[in-house]
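Below, each chain spelled out in residue letters.
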Amino acid sequence: SSRRPPRGGARSQFVCMERISEFAAGAAAGAAVAGAYVAARASRASQVERDECHRLVEELIASAEVVIFSKSYCPHCAKTKALFGANGNTAKVTLETPPHVIELDHSRDGPAIQACLLRMTGQRTVPSVWIKGQHVGGNSDVQALAESGKLQKMLYQEGKLPSAPLP
């Protein structure tokens, strides 16, 4: 003797669950299509933003002989800025003009600039130091260049700072 579930019982629940699953699958597929559309639009918009950010970073890099992308609370950035005499420190390296320091944590574009620097250099951290448009690395890289005398040579090559003697 087989027992049938009463009307509106387990069988109805099963059919109802199938329909909910179908609806959920359809909704998920619709959401995926909508998500892909939004992602494509965002990708195009973010590509424009990335291009604009890249141009901005290139302009900043070209704006001075030494450019330091920094964060105000970073101890490594402080050491680098001190080396170049930024923020009122006594310079250990002589420059014709003070370095251009961009404090990323003081700019609303800071995260975008840092992401752009990462794409350009592969370096995720600050400071990010540029000399004559060339990325030289972070604090340990710049300190090593200063210790070896190569930093002075980089700064004084091509007659950029004729008044300063070569080490």
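The structure we're discussing is the one just above.
None of the values given here were measured: they were computed from a predicted structure.

Parameters at a glance
Throughout this description, residue numbers start from 1 for each chain and increase along the sequence as written. Thresholds applied to this predicted model are a pLDDT of at least 70 for local features of residues and 80 or more for the giving and counting of side-chain atom pairs; totals over whole chains, interfaces and linings are not thresholded and use all residues. Only hydrogens and water are removed before side-chain values are computed, so all heavy atoms of the structure are retained for them. Think of it this way: DSSP has to see at least two bridges between two strands before they count as a pair. Think of it this way: any DSSP run of H or I at least four residues long counts as a helix, any run of E at least two long counts as a strand, and we number them from the N terminus. Axis angles are defined between N-to-C directions and span 0 to 180 degrees, where every axis is a line fitted to C-alpha atoms and, for a helix, only to the segment in contact. Definition used for salt bridges: Asp or Glu carboxyl oxygen within 4 Å of a side-chain nitrogen of Lys or Arg. When a residue's accessible area, from a 1.4 Å probe over protein chains only, is under 20% of the maximum for its type it is buried; when over 50% it is exposed; and in between it is partly exposed.

**Student:** I'm lost on the sheet that holds strand β2 (residues 100-103) in this one. Help?
**Tutor:** Strand pairing in a sheet is mediated by backbone hydrogen bonds. Such pairs are either parallel or antiparallel. Pairing in this open sheet of 4 strands is mixed, and the strands run β2-β1-β3-β4 from one edge to the other. Strands with a single pairing partner mark the edges of an open sheet, and in this sheet they are β2 and β4 (134-137). Strand-to-strand twist in this sheet, taken as the mean axis angle between neighbours without regard to direction, amounts to 25°. Summarising the sheet, strand β1 (residues 66-70) and β2 pair through 4 bridges and their orientation is parallel.

**Student:** Just to check I follow, could you spell out the pattern of salt bridges for this structure?
**Tutor:** Going through the model one piece at a time under the given rule, you end up with 2 salt bridges. The salt bridge partner of Lys81 is Glu103, with a shortest N-O separation of 2.7 Å. Here the residue Lys81 occupies a position in helix α2 (residues 75-84), and Glu103 occupies one in strand β2, the gap between them amounting to 22 residues. Judged on exposure class, the residue Lys81 and its partner Glu103 are both buried.

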